Every structure is written in structure tokens, then in C-alpha cells.
Amino acid sequence: MADSITAERREIVAGFKFANNAVSIEAAPAASRTNLRATTAGAKSFGKSISLELPTIMHETASKAGRHALKLGPDEWLLIDTKNINDSMVPRLANKNFSAVDISHRNCAFVISGAGAANTLNTACPRDLSLAAFPVGTCSRTLFGKAEVVLYRTAKDTFRLECWRTFATYVRDYLMDGAKDAHI
Amino acid sequence: MLLIHCPYCEDDRPELEFSHAGQAHIVRPTDMDGLSDEEFEAMFFIRDNPKGIILERWRHSMGCGRFLNAVRHTVTDKFLKTYKAGQPRPTDKDIEDLLK
Ligand SMILES: [Zn+2]
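These figures come from a predicted structure and were not determined experimentally.

**Side note on the coordination of the zinc ion**
Ideal coordination angles are 109.5 degrees for a metal with four donors arranged tetrahedrally and 90 or 180 degrees for a metal with six donors arranged octahedrally.
All names here are of chain B.
1) Next: For the zinc ion, the full set of protein donor atoms is Cys6 (SG), Cys9 (SG), His60 (ND1) and Cys64 (SG), and the range of their distances to it is 2.0 to 2.4 Å.
2) Next: The site at the zinc ion holds 4 donor atoms, and with the angles between them running 106 to 112 degrees, its shape is tetrahedral.
3) Next: A residue is classified by how much of its surface remains accessible, and Cys64, at 4% relative accessible area, is buried.

If you want it as C-alpha cells, here you go:
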């Protein structure tokens, strides 16, 4: 029998940390991720397969046991599993009601926290990140500088920013620049 | 910052999240073979460029990803109305009312 090949996971910004007295920015640990396009019925059955009821209202999120479901569009979800990082959430059986694609290695994430977190993000993101407009538990695809990102507010002063690994060093440097402004 | 209302997000979003996608409500002919060269050119290449109201497709590409339609004034750049793709073209009367 042939030896099995194990691909070594190389994170693009692993271990990155930055902090000043207004904000701290860290690369999030590796996670498993899936992009899901689904009908209402498809979202239900996919939710069952990962034991997490998917949110049905735009920009809402649901979390359970390290798994997060972010509703990005009318029929689109981003699923993040921070616990079973080497397991794909894509079911083995095909289902005509949804299309699920494993994107674990396409994305990476930063966690931005502290009193200056929203100000740091707003140096390059045009969205209103006040608590009234973007409450805790909200998610949305948006722009950070020129990069497409997904923002997820996990707490009053904490955001998770998901971006493509191609843009990771750009986003990291821009975040650090922003943090310097938020610090003033 | 110019804000555009996304009918899918049901929220006003920064213009930067959107991309322009050409004129709206262009009807593709069902019998493409029956067109003369001139008719094909008119259908395929020629678009309105009015000074005033235009109906356009936009895409909330850095948001929900959906295509939507907009009634925009080309002089003031004001978005008078946005609506979901597939919904009927606003009537001239609707547009007149929007301008009031
Ligand atoms: Zn939208």
C-alpha cells in the first residue's frame, strides 16, 4: 500500500500579534471553513449535518461549540469551525438543495479587540461600526482598504476579520497603520 | 460618502461596496438568428446615455453579492430608488413621482 501524504498546513500570518493602548490585533488560530449556498430547505439540512441551526436573517450569526454560522447573503453562509480545524464540514453525500465548498485554506482571520477596535477598522472600512448599526453578533461582507473581508462582531469591543490569505499581509499592515491612528 | 440602499440587505451601504453593471431592463431577443446586423448592433452595443434619469443594474459585490436595479439621476448622481432584480421596470409615472 502506498504511503499516504499529509499536507502540512502553513498559515500565512500565524502568530502575528500587535498591541498598543487602544487596540490589540492578533492572527486567529487555524480554523475549518465552508462557504455554503443553499435554499431554505438546504440550509436546514446542512445545519442538521453540523448540529448548528443556521441563521435565517441577513447579517445574523449563530454559534455553538466552537462553530459559527454567518449569514452573508440571501442564500449564502460562511461557516467557521474553530475546534475541529482539520475536519471538513462538507457532507459526503450530495444534496441538490445546497452547494458547500471547503475554503479552510483560502481564508485567514484577525481578531481586533479593545476600545479602539472599531476606530482601527474604520481607518479603511467605510461601514458604520457603531453598536446601533453593527450590534454584537452581526456579520457582513465589506471592504477593508481594497480587500474583500468579512467582519463579525463577537463582542462590544471585539471583531473577527476574515480575509483571503492572498490579502493577509496587506490587511495586517493596514490594520497596524490603523491602530496607530486609533491610538492617537 | 454616497450611500446606496440595498434591497436585499435592507440597509443603506457605502457606494464603495457596489459595482456598476450596465443599463437595466435590456430585453434579449428570443430569435437571435432573425436579427439584421443593424438590429443586433442596436441590441448588443447601443445603450442610453441620458442627462437625467437612467435605470441601471448594480451589484452589491462587497456585501450580499446580489444584483439589483437602481433609478439614478446622472446629473445629481442621486439614487432615487433601488429594487430587486427581476422586479418590473418603474413606470414613467413612478419616476415622475420620485422626482417630486
Ligand atoms: Zn446587499
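**A word on the sheet that holds strand β4 (residues 53-59) of chain B**
All names here are of chain B.
1) Next: Here 4 strands make up an open sheet; going across it, the order is β3-β4-β5-β6 and the pairing antiparallel. The sheet terminates laterally at β3 (19-23) and β6 (79-84), the two strands that pair on one side only. The average undirected angle you get between the axes of adjacent strands in this sheet is 30 degrees.
2) Next: As paired elements, β4 and strand β5 (residues 67-73) share 7 bridges and run antiparallel to each other. Within β5, the position partnered with Arg59 by the bridge is Phe67.

**Concerning the environment of Gln23 of chain B**
All names here are of chain B.
1) Next: Assignment of secondary structure puts Gln23 in strand β3.
2) Next: Owing to a relative accessible area of 18%, Gln23 belongs among the buried residues under this scheme.
3) Next: Gln23 sits 76 residues away from Leu99 along the chain, and the two C-alpha atoms are 20 Å apart.
4) Next: Ignoring any residue separated from it by four or fewer positions in sequence, one finds Gln23 in contact with Arg47, Asp48, Leu55, Glu56 and Arg57.
5) Next: At a separation of 2.9 Å, a polar atom in the side chain of Gln23 contacts the main-chain amide nitrogen of Asp48.

**Concerning helix α1 (residues 40-49) of chain A**
All names here are of chain A.
1) Next: Within α1, the full set of buried residues consists of Gly42, Ala43, Phe46 and Gly47. Seen from one end, α1 has its buried residues packed into an arc of 135 degrees, which puts them on one side. Facing away from the buried surface of α1 by more than 90 degrees, the exposed residues are Thr40, Lys44 and Lys48.
2) Next: Its buried side turned inward, α1 meets β3 (32-38), β6 (76-81) and β7 (98-102).

**Considering the pattern of salt bridges**
All names here are of chain B.
1) Next: By the definition in use, this model includes 16 salt bridges over all chains.
2) Next: Notably, a salt bridge pairs Arg72 with Asp77, separated by 2.8 Å at the nearest N-O pair.
3) Next: A relative accessible area of 14% places Arg72 in the buried class.
4) Next: Note that Lys100 is salt-bridged to Asp97, the shortest N-O span being 3.3 Å.

**So, the nonpolar core**
When a protein is soluble and globular, its nonpolar side chains tend to lie buried together.
Residues and elements named next belong to chain A.
1) Next: Ile25, Phe110, Ile112, Leu121, Phe144 and Leu161 are the most contacted members of the largest nonpolar core, which has 28 residues in total.
2) Next: Only β2 (24-27), β8 (107-113), α2 (117-122), β10 (147-155), β11 (158-164) and α3 (168-183) provide two or more residues apiece to this core.
3) Next: Sort the elements by how many residues they give to this core and α3 lands first, with 5 residues.
4) Next: The residues touching Ile25, leaving out its near neighbours within four places in the chain, are Phe16, Lys17, Phe18, Phe110, Val111, Ile112, Thr120, Leu175, Met176 and Ala179.
5) Next: Grouped together as the second largest cluster of nonpolar side chains are 14 residues, Ala38, Ala43, Ala62 and Phe98 included.

**Regarding the interface of chain A and chain B**
1) Next: Facing the 15 residues of chain A at the interface are 13 residues of chain B.
2) Next: By the criterion of area lost to chain B, the three top residues of chain A are Pro126, Arg141 and Leu143 of chain A, representing 39% of everything that side buries.
3) Next: Two residues, Arg66 of chain B and Asp75 of chain A, come together in a salt bridge whose shortest N-O distance is 3.0 Å.
4) Next: Broken down by secondary-structure element, the contributors of at least two residues to the side of chain A that touches chain B are β5 (67-73) and β9 (139-144) of chain A.
5) Next: At 4 residues, β9 of chain A tops the list of elements feeding residues into the side of chain A that touches chain B.

What counts, and at which threshold
Residues numbered from 1 in each chain as written. Chains lettered and ligands numbered in written order. Predicted model: local features only at pLDDT ≥ 70, side-chain atom pairs only at ≥ 80, totals over all residues. Heavy atoms only, no water. Donors = N, O, S within 2.8 Å, 3.2 Å for Na, K, Ca; no water. Tetrahedral: all angles 85-135°; square planar, octahedral: opposite > 155°, others 65-115°. Buried < 20%, exposed > 50% of the residue type's maximum accessible area, 1.4 Å probe, protein only. Pairing = 2+ DSSP bridges. Helix = DSSP H or I, 4+ residues; strand = E, 2+ residues; numbered from the N terminus. Axes fitted to C-alpha atoms, helices over the stretch in contact; angles between N-to-C directions. Contact = heavy atoms within 4.5 Å. Polar contact = N/O pair within 3.5 Å; in protein donor to acceptor, adjacent residues only side chain to side chain. Arc of directions from axis to C-beta. Salt bridge = Lys/Arg side-chain N within 4 Å of Asp/Glu carboxyl O. Core = buried A, V, L, I, M, F, W, Y, C linked by side-chain atoms within 4.5 Å. Buried area = accessible area lost by both parts, 1.4 Å probe.

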